[in-house]
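Okay, here's what each chain looks like letter by letter:
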Amino acid sequence: MILAKKKLKTRDLYGRTTWGQNTLLARRLVEAGVRFVTVNVGGWDTHANNFESLKNTKLPQFDQAYAALIEDLAQRGQLDRTLVMNWGEFGRTPRINKDAGRDHWPNVFSVVMAGGGLKRGIVLGESDARAEFPKERPISPQDVLATMYQQLGIDQTKNYVNDADRPVPILNYGDPIREIIA
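Residues numbered from 1 in each chain as written. Predicted model: local features only at pLDDT ≥ 70, side-chain atom pairs only at ≥ 80, totals over all residues. Heavy atoms only, no water.

**Q** Tell me about the overall build of the protein, residues and numbers included.
**A** Along its length, the protein carries four helices and eight strands. Reading the helices (α) and strands (β) of the protein from amino to carboxyl end gives α-α-α-β-β-β-β-β-β-α-β-β. For the C-alpha atoms alone, the extent of the protein along its principal axes is close to 70 × 45 × 35 Å. The buried share of the protein, reckoned over its 182 residues, is 29%. Summarising the internal contacts of the protein: among those between residues at least 6 apart in sequence, 61% fall at separations of at least 24. Of the roughly 12,400 Å² of accessible surface on the protein, 52% is carried by carbon and sulfur atoms. (Helix = DSSP H or I, 4+ residues; strand = E, 2+ residues; numbered from the N terminus. Buried < 20%, exposed > 50% of the residue type's maximum accessible area, 1.4 Å probe, protein only. Contact = heavy atoms within 4.5 Å. Areas by Shrake-Rupley, 256 points an atom, 1.4 Å probe, with all protein chains shown as cover.)

What follows is the structure, given as structure tokens:
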């Protein structure tokens, strides 16, 4: 017996969670012409019960929403013109704390960039065996921002002048990541 797959509604593809619905709203805003959208769902500080929280709630919801967004944008022909970034402000400690959690760790973090005219399937950098420090091809947050600005058509070397007549750079330093630029 062959069973026909039930076609899911778009809101179900993203998941009926805060992550899913906020990500679907972001896609709809992009489709309507909004040029910059941020999806921020708090609660990623896993200073306690890190593994249980990630496994049972946070990661399944995020994975479903993020995968649906990339696939949905690709199917609609919008992925190449839409830069999608997944980036936190820092990584997590390589060691588990006394509360089975992981604390803030600025030395190593991950960024996922998709679409926006970038090459696909590129993985850059590597941490050491303990995930404490970069081992290979360290990339700074400023390099990530320089790449984002370039793909958005913003000259990251430009300065603005503030009220005190002092130049304020868009980005103090950083270079676009050449390996991922198409």
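**Q** Describe the packing of helix α2 (residues 18-31) against helix α3 (residues 50-75), naming the residues involved and giving the relevant values.
**A** Here α2 crosses α3 at 20°, and the two axes come no closer than 8 Å. Classed by the angle they form, the pair α2 and α3 counts as roughly parallel. Crossing handedness for the pair α2 and α3: right-handed. Contacts between α2 and α3 involve Trp19, Gly20, Thr23 and Arg27 from the first element and Gln61, Phe62, Ala65, Leu69, Asp72 and Leu73 from the second. Here the contact of α2 with α3 is built from residues that sort into five nonpolar, three polar and two charged. (Axes fitted to C-alpha atoms, helices over the stretch in contact; angles between N-to-C directions. Parallel < 35°, antiparallel > 145°, perpendicular 65-115°, else oblique. Left-handed = near helix turned anticlockwise from the far one by under 90°. Nonpolar A, V, L, I, M, F, W, Y, C, P; charged D, E, K, R; others polar.)

**Q** Requested: an account of the environment of Ala68, with residues and values cited.
**A** Turning to its location among the elements, Ala68 is positioned in helix α3. A residue is classified by how much of its surface remains accessible, and Ala68, at 10% relative accessible area, is buried. Taking the C-alpha atoms as reference points, Ala68 and Asp12, 56 residues apart in sequence, are found 9.6 Å from one another. Every residue in contact with Ala68, bar those within four places of it in the chain, is listed here: Leu13 and Tyr14.

**Q** Give a detailed account of unusual backbone geometry, specifying residues and quantitative values.
**A** Positive phi, close to 60°, is recorded for Ala131, a residue that is not glycine. With respect to the helices, strands and loops of the structure, Ala131 is situated in the loop between β5 (126-127) and β6 (134-136). Although it is not a glycine, Arg137 sits at a positive phi angle of roughly 50°. Residue placement: Arg137 occurs in the loop between β6 and α4 (141-151).

**Q** How would you explain the nonpolar core if you had to name every residue and give the values?
**A** Grouped together as the largest cluster of nonpolar side chains are 13 residues, with contacts concentrated most on Tyr14, Trp19, Tyr66, Leu69, Leu73 and Val84. Elements with a minimum of two residues in this core: α2 and α3. Of all the elements, α3 adds the most residues to this core, at six residues. Not counting the four nearest positions on each side in its chain, Tyr14 is found in contact with Gly20, Thr23, Leu24, Arg27, Gln64, Ala65, Ala68, Leu69 and Asp72. The next biggest cluster of nonpolar side chains, apart from the first, holds eleven residues, and it includes Leu83, Met113, Ala146 and Leu171. (Core = buried A, V, L, I, M, F, W, Y, C linked by side-chain atoms within 4.5 Å.)

This is a description of form; function is not addressed.
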